[in-house]
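So the chains spell out like this:
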Number of protein chains: 2
Amino acid sequence: MRIADLETPVPVIDLDRVEHNLTKMQAYCVHHGLRLRPHIKTHKIPAFAHRQLELGAHGITCQKLGEAEVMADAGLDDIFISYPLIGPAKALRLAELSRRAKISVGIDNSIALETIGEAARASNHAIGVLVEFDSGNKRTGVTSVAQALELARGIQKIPGLRFDGLMTYPSSAATVTFVAEAKRVFAEAGIAIAVVSGGGTPNAWAAHGIAGLTEVRVGTYIYHDRATVGSGAATLDECAFHLHTTVISRPTDDRAVIDAGSKSLSSDGIDPSFGKGYGLILGYEDAVIERLNEEHGIVDLSRCATKPVVGERLRVLPNHVCVVSNLHDEVAVSRDGELVDMWRVAARGKTR
Amino acid sequence: MRIADLETPVPVIDLDRVEHNLTKMQAYCVHHGLRLRPHIKTHKIPAFAHRQLELGAHGITCQKLGEAEVMADAGLDDIFISYPLIGPAKALRLAELSRRAKISVGIDNSIALETIGEAARASNHAIGVLVEFDSGNKRTGVTSVAQALELARGIQKIPGLRFDGLMTYPSSAATVTFVAEAKRVFAEAGIAIAVVSGGGTPNAWAAHGIAGLTEVRVGTYIYHDRATVGSGAATLDECAFHLHTTVISRPTDDRAVIDAGSKSLSSDGIDPSFGKGYGLILGYEDAVIERLNEEHGIVDLSRCATKPVVGERLRVLPNHVCVVSNLHDEVAVSRDGELVDMWRVAARGKTR
């Protein structure tokens with residue numbers, strides 16, 4: 001079957017661009033003496049995780065236990081879960097997981113610490129722990145070095161847990177300040193910080209400028225999207241993931257409707273300085289996907305010199321590819337414009 | 001297992017409220033002599049579709065062929081697809097579907113008409129066709145009665161196709177004007193309009209005021225959500241679908257982070273006159289879910305008198321329940337606060 005014969009909406013991935021993106025980031029990290037621990041939340045596909053390791057990555061990152069379980073099932077054996085796990089059910093699953101892979105987890109509070117301690121007790125396998133700190137994102141993460149130190153001491157007191165270091169997301173100038181103070185305070189306390197893990201594709205190429213960083217966690221770099229292009233982290237030619245869609249209606253001269261709505265593209269918007277609407281239509285860059293319903297993308301063609309007709313297939317670069325990846329059970333993989341295979345997005349929908 | 005023991009994030013559905021909502025809408029339609037053809041895009045669960053029929057619904061509505069196929073597999077045998085189908089691959093699937101269920105389809109252009117004609121030829125089974133018109137939503141739908149008449153004549157010329165009438169979404173005052181003119185013009189042309197189908201839960205209780213309407217297509221009414229409550233179509237006590245989530249971090253006094261992000265709640269916003277943020281937290285109505293990442297919901301607690309602690313479980317009423325339903329492989333169904341079962345969302349992710 002040809003790509004043009006696939007029913008739409010369908011995500012199509014260019015394997016050569018993926019390889020380029022993976023190789024480029026790995027080379028950057030090697031060049032700067034940083035370890036790369038890719039986040040699988042973007043692709044959610046074990047074959048890509050294995051390729052990342054083959055190219056030199058030091059383990060992978062998952063956001064949720066359910067993602068880590070899918071990856072462990074596929075033979076991935078060094079997994080960092082960058083997310084606070086809370087409660088006895090998570091402890092049980094973490095214990096089970098730690099029996100079949102080398103596991104580390106990020107925490108920012110004592111309840112999450114208890115959960116991981118419970119898992120280590122139950123499994124009798126060591127679990128690494130990183131303390132998450134806030135670099136200005138105002139999401140999770142402790143806000144002071146004193147809190148980080150208290151958690152590190154708590155980790156050291158629990159049998160089976162190993163304090164591995166610090167993590168943050170995304171890396172920023174504030175990371176440098178926090179890490180410098182932490183190194184001083186932790187040294188005084190006699191605690192070594194082996195790992196300082198930062199992340200985020202938009203600022204990934206500046207990671208070597210973040211003093212103290214030892215590890216880079218990035219996800220989006222495998223595919224790139226409109227946001228990472230807008231941020232300057234990639235070019236349009238490096239984007240490896242496009243949603244193919246069909247024009248299903250042209251009710252007026254200035255309006256097209258495509259068969260990709262929020263169920264295919266997500267409702268994630270875009271920084272206005274990067275562009276307008278819910279994705280960039282290649283070849284019709286002046287068109288604006290101005291509104292999405294679940295199965296309808298309403299496109300404003302008023303600024304277009306030429307306009308697509310009903311039945312025409314369009315390629316859309318998503319605003320935010322990670323959430324789009326999560327919406328599709330499978331993706332088409334291609335090379336040189338030819339369909340290679342359909343791959344299951346095995347860790348899709350693993351919210352728990 | 002108790003609901004409180006289910007891992008989060010997890011959607012929990014109250015079966016008594018579902019029954020109340022289904023019964024109430026059915027009674028409304030019966031009272032006003034309207035046929036109810038529920039849209040399954042909200043629940044995507046065959047058992048609920050069967051219950052809707054038992055209560056008196058005249059067939060169901062699906063948005064995509066893939067949804068219709070799941071429902072036909074489950075024995076639903078009268079399906080309206082309210083979406084333009086384009087191209088030979090869709091024609092083949094529609095032909096197959098028309099062999100095992102009574103099928104009708106909405107169209108607004110001649111390419112979609114060709115596709116349905118091809119399906120009817122291939123299957124040798126009659127397919128009903130409704131012409132979609134725009135009632136001011138500026139999405140799909142013809143914008144003039146003349147266009148509708150031309151399509152109706154086209155339908156009549158193709159063997160195997162049956163012109164059933166007109167459809168629109170959502171019903172509005174503009175529906176009345178269009179239908180009145182269409183009735184006059186179609187009568188002159190000797191074409192009967194058997195069905196006038198309108199839809200939309202927010203204005204469903206006003207359907208009897210839309211002169212000419214014969215059928216109501218509604219989906220959200222089964223669960224309701226923050227948007228239908230905001231529009232006045234339901235009360236908070238009628239909402240049957242909540243996302244249960246856990247506080248995983250409390251980095252500052254004014255901030256909580258919950259384990260439900262855009263992968264669980266979607267990024268769909270809310271009309272500012274209905275509320276703020278990405279869902280309403282029951283019991284903490286002054287909290288605002290102000291930002292979502294894929295797995296993080298960042299909650300502003302600054303206006304809260306009492307504040308949830310790490311590990312506490314919260315119930316969130318989604319802004320837009322249809323898209324939330326689509327994000328979860330399964331839902332917990334409950335009665336009187338007790339867990340009854342876990343049900344698969346069988347038509348989830350059917351974008352094609």
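Residues numbered from 1 in each chain as written. Chains lettered and ligands numbered in written order. Predicted model: local features only at pLDDT ≥ 70, side-chain atom pairs only at ≥ 80, totals over all residues.

So, the overall build of chain A
- A tally of regular secondary structure across chain A gives 10 helices and 17 strands.
- For 352 residues, the compact-globule estimate of 2.2 N^0.38 gives 20 Å, and chain A sits close to it at 22 Å.
- Dimensions along the principal axes, computed over C-alpha positions, put chain A at roughly 70 × 40 × 35 Å.
- A burial count over chain A gives 57% of its 352 residues as buried.
- Restricting to contacts in chain A with at least 6 residues of sequence separation, those with at least 24 account for 67%. (Helix = DSSP H or I, 4+ residues; strand = E, 2+ residues; numbered from the N terminus. Rg over C-alpha atoms; globule rule 2.2 N^0.38 Å. Buried ≥ 20, exposed ≤ 12 C-beta atoms within 10 Å, placed from the backbone. Contact = placed C-beta atoms within 7 Å.)

Overview of the interface of chain B and chain A
- At the junction of the two partners, chain B supplies 50 residues and chain A supplies 49 residues.
- Secondary-structure elements contributing two or more residues to the side of chain B that touches chain A are strand 10 (241-252), strand 11 (255-258), helix 9 (262-265) and helix 10 (321-327) of chain B.
- Looking at the side of chain B that touches chain A element by element, the count peaks at 6 residues for strand 10 of chain B.
- For the side of chain B that touches chain A, a count of residues per class yields 15 nonpolar, 20 polar and 15 charged. (Nonpolar A, V, L, I, M, F, W, Y, C, P; charged D, E, K, R; others polar.)

Description of the nonpolar core
- In this structure, Met 71 and Ile 116 of chain A together with Met 71 and Ile 116 of chain B are the most contacted members of the largest nonpolar core, which totals 209 residues.
- Setting aside anything within four residues of it in sequence, one finds Met 71 of chain B in contact with Ile 40, Pro 46, Ala 49, Ile 60, Cys 62, Leu 76, Ile 79 and Ala 347 of chain B. (Core = buried A, V, L, I, M, F, W, Y, C linked by C-beta atoms within 7 Å.)

What to know about the packing of helix 4 (residues 88-98) of chain B against helix 5 (residues 110-123) of chain B
Residues and elements named next belong to chain B.
- In contact at an axis separation of 8 Å, helix 4 and helix 5 are set at 45° when each is read in the N-to-C sense. Classified by the angle their axes make, helix 4 and helix 5 are oblique. Here helix 4 and helix 5 pass one another in a crossing that is right-handed. Contact residues: helix 4 offers Pro 88, Lys 90, Ala 91, Leu 92, Leu 94, Ala 95 and Ser 98, while helix 5 offers Thr 115, Ile 116, Glu 118, Ala 119, Ala 122 and Ser 123. (Axes fitted to C-alpha atoms, helices over the stretch in contact; angles between N-to-C directions. Parallel < 35°, antiparallel > 145°, perpendicular 65-115°, else oblique. Left-handed = near helix turned anticlockwise from the far one by under 90°.)

A look at unusual backbone geometry
Residue and element names in this part refer to chain B.
- A cis amide bond links Thr 8 to the next residue, Pro 9, at an omega of -5°.
- For Pro 9, the position within the fold is in the segment before strand 1 (10-14).
- With omega at -20°, the peptide bond leading from Tyr 169 into Pro 170 counts as cis.
- Topologically, Pro 170 is positioned in the loop between strand 7 (161-167) and helix 7 (173-188).
- Phi at Asp 336 is positive, roughly 50°, even though this residue is not glycine.
- By secondary structure assignment, the location of Asp 336 is in the loop between strand 16 (330-335) and strand 17 (338-344).

Side note on the relation of the copies chain B and chain A
- You can overlay chain B on chain A at an RMSD of 0.0 Å; the transform is a turn of 180° with a shift of 0.0 Å along its axis. Those values place the two copies in the arrangement expected of a two-fold rotation axis. In terms of proximity to the rotation axis, the leading residue of chain B is Ser 267 of chain B, whose C-alpha is 2.7 Å off the axis.
- Same-surface contact between copies: 98% of interface residues of chain B are shared with the interface of chain A. (Least-squares fit on C-alpha atoms with pLDDT ≥ 70 in both.)

Quick notes on the environment of Gly 232 of chain B
All names here are of chain B.
- With respect to the helices and strands, the residue Gly 232 is situated in the loop between helix 8 (226-230) and strand 10.
- Residue class for Gly 232 comes out exposed when judged on the 11 C-beta atoms lying within 10 Å of it.
- Each C-alpha atom, one on Gly 232 and one on Leu 151, is 36 Å from the other, the two residues being 81 residues apart in sequence.

A word on the domain arrangement of chain A
All names here are of chain A.
- When the domains of chain A are assigned, the result is domain 1 (3-9 + 231-344) and domain 2 (32-223).
- The distance between the C-alpha centroids of domain 1 and domain 2 comes to 34 Å.
- Listed by partner, the interface residues are 10 residues for domain 1 and 13 residues for domain 2.
- For the side of domain 1 that touches domain 2, the element with the most residues is helix 10 (residues 321-327), which contributes 4 residues.
- Grouping the constituent residues of the side of domain 1 that touches domain 2 by class yields 7 nonpolar, 3 polar and no charged. (Domains from an automatic or database assignment.)

A closer look at the sheet that holds strand 2 (residues 35-36) of chain A
Residues and elements named next belong to chain A.
- Spatial ordering of the open sheet is given by 2-9-8-7-6-5-4-3, a layout of 8 strands whose pairing is parallel. Strand pairing shows two members of the sheet lacking a second neighbour, strand 2 and strand 3 (60-62), which therefore form its edges.
- Sheet strands touched by helix 6 (residues 145-157): strand 5 (102-107), strand 6 (127-132) and strand 7 (161-167). Its angle to strand 7, the strand with the most contacts, is close to 160°. (Pairing = 2+ DSSP bridges.)

Section: helix 1 (residues 15-31) of chain A
Residue and element names in this part refer to chain A.
- In a regular helix each residue adds 1.5 Å, so 17 residues correspond to 24 Å; helix 1 covers 24 Å between its end C-alpha atoms and thus fits that length.
- Turning to helix 1, its buried residues are Arg 17, Val 18, Asn 21, Leu 22, Met 25 and Cys 29. One face of helix 1 carries all of its buried residues, which in axial projection span an arc of 135°. For helix 1, exposure combined with an orientation more than 90 degrees from the buried face picks out Asp 16 and His 31.
- In this structure, the buried side of helix 1 is in contact with strand 1 (10-14), strand 2, helix 2 (46-54) and strand 9 (215-217).
- Trailing helix 1 by a residue or two, Gly 33 shows a phi angle of about 65°, which is positive. (Expected span 1.5 Å × (residues − 1). Arc of directions from axis to C-beta.)

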